[in-house]
Amino acid sequence: MTRNEPFVTERMAAADNPADDPLTLAQALLLPRVVIENTTPVIDAGLYAVKTEVGRTVTVGSTVYADGHDVLAVTLNWRQAHSRRWRSISMTFLGNDRWEGSFSINEMGRHLFVIEAWIDGYATYCHDLEKKFAAGVDVELELEEGRLHLEHAAERSAGPLREELAGLARRLRKGLPVAPRVEMLVASETRVLMAQADPRSYLSRSPEFPLDVERERAAFASWYELFPRSITDDPQRHGTFNDVHARLPMIRDMGFDVLYFPPIHPIGSKFRKGRNNALSAEPGDPGSPYAIGSADGGHDAIHPQLGSREDFRRLVAAAADHGLEIALDFAIQCSQDHPWLTEHPGWFSWRPDGSIRYAENPPKKYQDIVNVDFYAADAVPSLWLALRDVVEGWVQEGVKQFRVDNPHTKPLPFWQWLIADIRSRHPEVIFLAEAFTKPAMMARLGKVGYSQSYTYFTWRNTKAEIQEYFETLNQPPWSLCYRPNFFVNTPDINPFFLHQSGRAGFLIRAALATMGSGLWGMYSGFELCEAAPIPGKEEYLDSEKYQIRPRDFTQPGNIIAEIAQLNRIRRQQPALHSHLGVRFYNAWNDNIVYFGKPSPDGESFVLVAVSLDPHNAQEAHFELPLWELGLDDNAVTRGEDLMNGHRWEWYGKTQWMRIEPWHLPFGIWRLDKV
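Residues numbered from 1 in each chain as written. Predicted model: local features only at pLDDT ≥ 70, side-chain atom pairs only at ≥ 80, totals over all residues. Heavy atoms only, no water.

- If you check an unreviewed UniProt entry, the protein appears there as Alpha-1,4-glucan:maltose-1-phosphate maltosyltransferase from Pseudomonas bharatica CSV86.
- As its UniProt record puts it under Catalytic activity (unreviewed entry), the protein is described as follows: "alpha-maltose 1-phosphate + [(1->4)-alpha-D-glucosyl](n) = [(1->4)-alpha-D-glucosyl](n+2) + phosphate". (UniProt positions renumbered as here; feature names shortened; annotations may be inferred.)

This is the structure we're talking about:
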């Protein structure tokens, strides 16, 4: 190996030198002199891709050093995974062997980045020459070394570069005084030419680390969930896709950009659930849309009462005209009427008596559905391919976002394959994981490809819980692989906090969700402050999962205007386009959560104060984060209430607030330098 061939210095194969064998001289000669380690952002040593979005700056850091005192050159290189063309920038030395470089990507899809480092012989020479010359040391011999550097560089170069370097070397032979020769050798123009001819001695190269670059809506979006069958004025008349058209303007005007439907497929009749999850359905009960499949078809079909495929296509187009994307539920489960049970019985697990086990999540029982067996002998690979084809089929219908039901109960290898397969052809497709499970599994779903995930936010209610959770999401590995979608409620979850908190409680949760994350969502009825529970449970009484529920979306007491303004603030303030960057500050009251996010240019802050008490006024002294703006404790700043546009000036760091929940249980302000 020559000294300019690259060494890979991270993830060196342990098998090359087992720990119990002594290092041989031949092996030692192959070890790198230039070390590259502790590179960020990296997940699991590069096994999984770090998430980012088109246009977002990616900042890469690494510890790079070598023996001795030679000057190092370090570059950051990146490319699309399917391309051979690398882009490159020089990294900046931060001190203490740490280097940093930043770039942004304008194309969706998988990308790779790698760090290269080598001993820069000419930079080392210039460093020593400048020190000696400044100290008054005789540098005639050093000047001759410099001329030889130029000549050797010219010899290994070609074309115009060779001519320029050779010309510089000839000029140094003409007996110029010392100072002009030193100036010529250390000039930035000379350094640029020599960098182009650099042999990159003792080159080391990190592994190629992956990045998953998605469109902006993967990180910044507002989701609205509704059951199309409930868009009706009569509980005896099944709503249709055509009925949903009338709801589009209001959903748009509330500031939502994703309209999400539970499964729209045919619903089975066997063991159909009745109202409030009753085991027996009454005549006319529509059943749960999660009991997928009937004689009318399975996952690739549309429930006949919702309309035709052409009706669905018209709705997708109409939604797009209103700035809305349709998201569909991908639920891998079957009613006992699903065509797959007769067409592909080998995809299921059958009991000794010939029956099939229905789904359970004790103490919950789902008698109306059964699950597939991903590793049954007949299921590999046909089931996997069939499910992939279901997703592909809906993508062809214009669906670019999928909320996936309970992905943590399906094999991780399946998701890693399916998501990569779909996004290799359609990098714009987004997958949201409906996973309420152990943290390690939730993070792993993000690693294997999920764009977003439901979260524990729904159950974080105290100041300490909220701060701890937000800060956790801002730290690796979560910040690298997991985008939290703060749903405030779902058809399955009617949070205890909302049962008795009234209108103020709904505003509290909406403010925390919209300001805390770039992604948030709500299930229809939240804007009407619906909260009637099954006593003692986080479930809705008269759940829409089992019946048609018409609503009057103009009824008194709604919070539609407030939701619209919260979404408007989100769009107008770039600081709120991500859950990343949140910082908590002092507010001396445990009932008030107080945090901020800086604008990308660092010139202003969005400050958020939310009272967690929906019934009583709360007061607190609090600190303005003047230090974040480079200001002293006595500075004057401007404040603006982003909910109503009121403006004022603040004097000094310590201020006072009073939050009255019967007005607004939160304040959202922008802090600007005067």
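Structural notes on the overall build of the protein
And step 1. Check the secondary structure of the protein and you find 18 helices and 29 strands.
And step 2. Overall, the C-alpha framework of the protein stretches about 105 × 70 × 50 Å when taken along its three principal axes.
And step 3. Expressed as a percentage of its 674 residues, the buried residues of the protein come to 55%.
And step 4. A separation threshold of at least 6 residues defines the contact pool for the protein, and within that pool the share at least 24 residues apart is 75%. (Helix = DSSP H or I, 4+ residues; strand = E, 2+ residues; numbered from the N terminus. Buried < 20%, exposed > 50% of the residue type's maximum accessible area, 1.4 Å probe, protein only. Contact = heavy atoms within 4.5 Å.)

Quick look at the environment of Tyr122
And step 1. With respect to the helices and strands, Tyr122 occurs in helix 2 (residues 121-134).
And step 2. A relative accessible area of 8% means that Tyr122 is categorised as buried.
And step 3. With residues near it in sequence (within four places) discarded, Tyr122 still touches His149, Leu185, Thr190, Arg191 and Met194.

Some words on the pairing of strand 17 (residues 401-405)
And step 1. By the criterion of burial, strand 17 is predominantly enclosed, with five of the five residues buried.
And step 2. The side-chain alternation of strand 17 yields two buried faces, one formed by Gln401, Arg403 and Asp405 and the other by Phe402 and Val404.
And step 3. Looking at chain direction, strand 14 (residues 325-330) and strand 17 are connected through four bridges and run parallel. Among the inter-strand pairings, Leu328 is bridged to a residue of strand 17, identified as Phe402.
And step 4. Pairing geometry for strand 17 and strand 18 (residues 430-434), over five bridges, is parallel. Bridge pairing in strand 18 places Phe402 opposite Phe431. (Pairing = 2+ DSSP bridges.)

Description of the sheet that holds strand 12 (residues 221-225)
And step 1. Pairing is parallel in the open sheet, where eight strands are placed in the order 19-18-17-14-13-12-21-20. In this open sheet, the two edge strands, each paired with only one partner strand, are strand 19 (452-453) and strand 20 (485-487).
And step 2. Packing against the sheet, helix 11 (residues 382-396) makes contact with strand 14, strand 17 and strand 18, and its axis sits at approximately 165 degrees to strand 14.
And step 3. Lying over the sheet, helix 18 (residues 560-572) contacts strand 12 and strand 21 (519-523), oriented at roughly 165 degrees with respect to strand 21. (Axes fitted to C-alpha atoms, helices over the stretch in contact; angles between N-to-C directions.)

Focus: the UniProt feature "active site" (unreviewed entry) in the protein
And step 1. As recorded in UniProt, the feature "active site" (unreviewed entry) lies at Asp405 and Glu434. Judged by maximum C-alpha separation, these annotated positions cover 30 residues in sequence but sit close together in space, the widest gap being only 5.3 Å.
And step 2. Note that Asp405 resides in strand 17.
And step 3. Within the structure, Asp405 has its side chain in polar contact with the side chain of Arg403 (distance 2.9 Å).
And step 4. Along the polypeptide, Glu434 turns up in strand 18.
And step 5. For Glu434, a relative accessible area of 6% gives the class buried.
And step 6. Those residues in contact with Glu434 that lie beyond four places of it in its chain are Arg403, Val404, Asp405, Asn406, Pro407, His408, Tyr454 and Asp492.
And step 7. Within polar-contact distance, the side chain of Glu434 engages the side chain of Arg403 at 3.4 Å. (Polar contact = N/O pair within 3.5 Å; in protein donor to acceptor, adjacent residues only side chain to side chain.)

Points about the UniProt feature "binding site: alpha-maltose 1-phosphate" (unreviewed entry) in the protein
And step 1. Within the UniProt annotation, "binding site: alpha-maltose 1-phosphate" (unreviewed entry) is assigned to Lys273, Gln333, Asp368, Asn406, Lys545 and Tyr546.
And step 2. Looking at where Asn406 falls in the secondary structure, it is placed in the loop between strand 17 and helix 12 (412-425).
And step 3. Along the chain, Tyr546 falls in the loop between strand 21 and helix 18.
And step 4. Given a relative accessible area of 8%, Tyr546 falls into the buried group.
And step 5. Beyond its immediate chain neighbours, meaning those up to four positions away, Tyr546 contacts Arg229, Lys273, Gly274, Arg275, Asn276, Asn277, Pro286, Gly287 and Ser288.

Brief notes about the packing of aromatic side chains
And step 1. On inspection of all chains with the given rule, the structure shows 44 aromatic pairs.
And step 2. Relative to Trp417, the ring of Phe414 lies with its centre 6.2 Å away and its plane at 50 degrees, an arrangement referred to as tilted. In this pair, Phe414 and Trp417 are both assigned in helix 12, three residues apart and thus about one turn of the helix distant.
And step 3. You can call Phe414 buried: its relative accessible area is 0%.
And step 4. Residue Trp417 is classed as partly exposed on the basis of its relative accessible area, which comes to 29%.
And step 5. With a centroid separation of 6.4 Å and 80 degrees between ring planes, the pair formed by Phe622 and Trp650 is classed as edge-to-face. Separated by 28 residues along the polypeptide, Phe622 in strand 25 (residues 618-623) and Trp650 in strand 27 (residues 647-651) bring together distant segments of the chain. For the residue pair Phe622 and Trp650, the accessibility class agrees, reading buried in each case.
And step 6. Through successive ring pairs, a cluster of aromatic residues spans Phe330, Phe374, Tyr375, Trp384, Phe402, Phe414, Trp415, Trp417, Phe431 and Tyr450.
And step 7. Its end group placed over the ring of Phe553, Arg247 keeps NZ or CZ at 3.6 Å from the ring centre. (Phe/Tyr/Trp six-rings, centres within 6.5 Å; stacked < 30°, edge-to-face > 60°. Lys NZ or Arg CZ within 6 Å of the ring centre and 35° of its normal.)

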